[in-house]
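Structure at a glance
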Amino acid sequence: MQQVTWEDQQNINKFGRLNNRFHELEDEIKFAKETNENLEDASNELILTDEDMVRFQIGEVFAHVPKEEVEDRIEQMKDVTSKKLEKLEEEKDSIVAHMAELKKILYGKFKDSINLEED
């Protein structure tokens, strides 16, 4: 059995933190995608309506807002959500790459003595 050095322990801890963040990101990405889909659905519903004023939820209340203003707000919300999704995906890619590096180092030293898979 190989001796675990302080550096090894740091790498193991870092892998654990990255793995936790990876799972948080997966949840955040899922939520952002659902939000984008909901905004897209709302946008499509607006296209189909002939009303000039539509009910728009602001916080906990619904307000009658001109259709055009609601379309603009939904577009802004979609832009913000898309940019957030892009950043989350980039962070996830970076974490996956970093975890792969750490796996290579740790498996290289500990072989079958360490398990970094989630099965």
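Scroll up to find the structure.
Reading the values: the criteria
Residues numbered from 1 in each chain as written. Predicted model: local features only at pLDDT ≥ 70, side-chain atom pairs only at ≥ 80, totals over all residues. Heavy atoms only, no water. Helix = DSSP H or I, 4+ residues; strand = E, 2+ residues; numbered from the N terminus. Polar contact = N/O pair within 3.5 Å; in protein donor to acceptor, adjacent residues only side chain to side chain. Contact = heavy atoms within 4.5 Å. Buried < 20%, exposed > 50% of the residue type's maximum accessible area, 1.4 Å probe, protein only. Pairing = 2+ DSSP bridges. 1 Å grid on protein atoms, 1.4 Å probe; cavity = no way out; pocket = protein on both sides within 12 Å on 5 of 7 lines; lining within 4 Å. Points joined across faces, edges and corners; volume = space filled by probe spheres on them.

What follows covers the side chain of Thr-81. Looking at where Thr-81 falls in the secondary structure, it is placed in helix α2 (residues 67-110). Of the polar contacts made by the side chain of Thr-81, one reaches the backbone oxygen of Met-77; its length is 2.8 Å. Sequence-distant contacts of Thr-81, that is, excluding residues within four places in its chain, are made with Ala-32, Thr-35, Asn-36 and Leu-39.

So, on to the environment of Leu-39. Relative to the helices and strands, Leu-39 resides in helix α1 (residues 6-48). Residue classification places Leu-39 among the buried residues on the basis of a relative accessible area of 9%. For the pair Leu-39 and Leu-116, spaced 77 residues apart in sequence, the C-alpha to C-alpha distance is 38 Å. The contact partners of Leu-39, leaving out residues within four places of it in the chain, are Ile-74, Met-77, Lys-78 and Thr-81.

Below, the discussion takes up the pairing of strand β2 (residues 61-66). Bridge analysis of strand β1 (residues 53-58) against β2 gives six bridges, and the strand direction is antiparallel. Bridge assignment links Ile-58 to a residue of β2, and that residue is Val-61. Taking the residues that link successive antiparallel strands as the turn, the β1-β2 hairpin has two residues, and the phi of Gly-59 there is positive, at about 70 degrees.

Turning to the layout of surface pockets, a few remarks are in order. Roughly 260 Å³ of volume is contained in the largest pocket. Leu-39, Ala-42, Glu-45, Leu-46, Thr-49, Arg-55, Phe-56, Gln-57, Phe-62, Val-70, Ile-74 and Met-77 are the residues that line the largest pocket. Put simply, the parts of the chain that give the lining of the largest pocket at least two residues each are α1, β1 and α2. Residue contributions to the lining of the largest pocket peak at four residues, all from α1.

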